[in-house]
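# Inside the fold
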Amino acid sequence: VPGIPFPDWAVIPTERMTVVETLQSTLWHDVHPPAYYLLMLPYTRAFGIELATIRWPSVVFGVLGVAALFALVRRENGGRIALGAAALLALNGLHIHYSQRARLWIPTYLLAIVATDLLVRLESRSTRALRAGYLASATLGLWTSYAFWPFFIGHGVYALLGRVPVGRALEVLRMQAQALVLSSVLVVALRAQLARSHDIA
């Protein structure tokens, strides 16, 4: 989490007190895209760096993830199945564990659920708000974690092979192409991160 002052002897990762330092440290001393860190920088400035404080965003995102999954499944399969799905996520040990950690995993999976929900809604109707929401959540997911890629690819496969009408499927693929363009700088970051990890090995 950025915004935490380091003692003089700490060299990796480097101190991240500004946007530039956060981006540089993410590029050279991390293996993730920068969105989570850029989100947490103003948060730590506003609310402090106590351990409980920096864990709160993950708690909130974890609860929102359960609610978002419930809403998605309820719309598709009814309340009983939705309640079961939400309970399975809420009681999942990894979900509970990472919802208490100041890490990027829970925001990543929340974005995956939200993007999936918007994709499913686009099956029946296409509005500007739904298209903008999907593009924003997909792009932010790519900028948050490389673990978002399987969800992103799955959305494309679903649009092509699922029950999405052809016109809407092409629309989804067009939005995914836009998300890829907006995330293209991450290819450079990933290449630098992989090269650095190869040098270390």
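Computed from a predicted structure; not experimentally measured. (Residues numbered from 1 in each chain as written. Predicted model: local features only at pLDDT ≥ 70, side-chain atom pairs only at ≥ 80, totals over all residues. Heavy atoms only, no water.)

Looking now at the overall build of the chain. When you go through the chain residue by residue, the secondary structure sums to 10 helices and 0 strands. Along the chain, helices and strands appear, N-terminal first, in the series α-α-α-α-α-α-α-α-α-α. Considering the chain as a whole, with its 201 residues, one finds that 40% of them fall into the buried category. Relative to all contacts within the chain whose residues are 6 or more apart in sequence, the contacts with residues 24 or more apart total 62%. A total accessible area of about 11,300 Å² is found for the chain, and carbon and sulfur atoms account for 69% of it. When the 17 positive and 10 negative side-chain charges of the chain are each reduced to one mean point, those points stand 12 Å apart. (Helix = DSSP H or I, 4+ residues; strand = E, 2+ residues; numbered from the N terminus. Buried < 20%, exposed > 50% of the residue type's maximum accessible area, 1.4 Å probe, protein only. Contact = heavy atoms within 4.5 Å. Areas by Shrake-Rupley, 256 points an atom, 1.4 Å probe, with all protein chains shown as cover. Lys, Arg positive; Asp, Glu negative; His and termini not counted. Charge placed at Lys NZ, Arg CZ, Asp CG, Glu CD.)

Taken together, Trp149, Ile153, Val157, Leu160, Leu161 and Leu180 make up a surface patch of nonpolar side chains, about 590 Å² in accessible area. The element that contributes the greatest number of residues to the nonpolar patch is helix H8 (residues 149-161), accounting for 5 residues. As for its placement among the helices and strands, Val157 is situated in helix H8. (Patch = residues over 30% accessible without salt bridge, like charges linked within 9 Å, V, L, I, M, F, W, Y side chains within 5 Å. Salt bridge = Lys/Arg side-chain N within 4 Å of Asp/Glu carboxyl O.)

This part is about the environment of Thr144. Tracing the backbone through its elements, the reader meets Thr144 in helix H7 (residues 128-144). The class of Thr144 is buried, set by a relative accessible area of 3%. In contact with Thr144, other than residues within four places in its own chain, are Pro33, Ala35, Tyr36, Leu104, Thr108 and Leu111. Engagement of the side chain of Thr144 in a polar contact is seen with the backbone oxygen of Leu140, the distance being 2.6 Å. (Polar contact = N/O pair within 3.5 Å; in protein donor to acceptor, adjacent residues only side chain to side chain.)

A word on the nonpolar core. Core analysis: the largest hydrophobic core is formed by 18 residues, its most contacted members being Leu122, Tyr134, Phe148, Phe152 and Val172. If you list the elements that add at least two residues to this core, you get helix H6 (105-124), H7, H8 and helix H9 (166-182). With 6 residues, H6 is the largest single contributor of residues to this core. If near-sequence neighbours (up to four positions away) are discounted, Phe152 is found in contact with Ala138, Leu142, Gln176, Ala179 and Leu180. By size, the runner-up hydrophobic cluster in this structure holds 12 residues, among which are Val73, Ala82, Ala86 and Ile106. (Core = buried A, V, L, I, M, F, W, Y, C linked by side-chain atoms within 4.5 Å.)

Summarising the model, the chain shows a mean pLDDT of 90, and 97% of its residues fall at 70 or more. Least confident of the elements in the chain is helix H10 (residues 185-200), whose mean pLDDT is 71; most confident is helix H4 (residues 79-90), at 96. (pLDDT = per-residue confidence, 0-100.)

Turning next to the pattern of salt bridges. Inspection of the entire model under this criterion finds 2 salt bridges. Where Arg75 meets Asp117, a salt bridge forms, and the shortest distance between an N and an O atom there is 1.7 Å. In this pair, Arg75 sits in helix H3 (residues 51-77) while Asp117 sits in helix H6, placing the two residues 42 residues apart along the sequence. Under the relative-accessibility criterion, Asp117 is labelled buried at 10%. Between Arg121 and Asp117 there is a salt bridge, with its nearest N and O atoms 3.4 Å apart. Taken together, the residues span about one helical turn, with Arg121 and Asp117 both in helix H6 at a distance of 4 residues. Note on Arg121: relative accessible area 29%, which makes it partly exposed. In this structure, a network of salt bridges that share partners links the residues Arg75, Asp117 and Arg121.

All right, on to the packing of helix H2 (residues 35-47) against H3 then. Helix packing geometry: the angle between the two helix axes and the distance between the axes. The interhelical angle for the contact between H2 and H3, taken along N-to-C directions, is 125°, at an axis separation of 10 Å. The angle between the axes of H2 and H3 places the two elements in the oblique class. The chirality of how H2 crosses H3 is right-handed. On H3, the residues that touch Tyr36, Leu39, Met40, Tyr43, Thr44 and Phe47 of H2 are Thr53, Ile54, Trp56, Pro57, Ser58 and Phe61. Grouping the constituent residues of the contact of H2 with H3 by class yields 9 nonpolar, 3 polar and no charged. (Axes fitted to C-alpha atoms, helices over the stretch in contact; angles between N-to-C directions. Parallel < 35°, antiparallel > 145°, perpendicular 65-115°, else oblique. Left-handed = near helix turned anticlockwise from the far one by under 90°. Nonpolar A, V, L, I, M, F, W, Y, C, P; charged D, E, K, R; others polar.)

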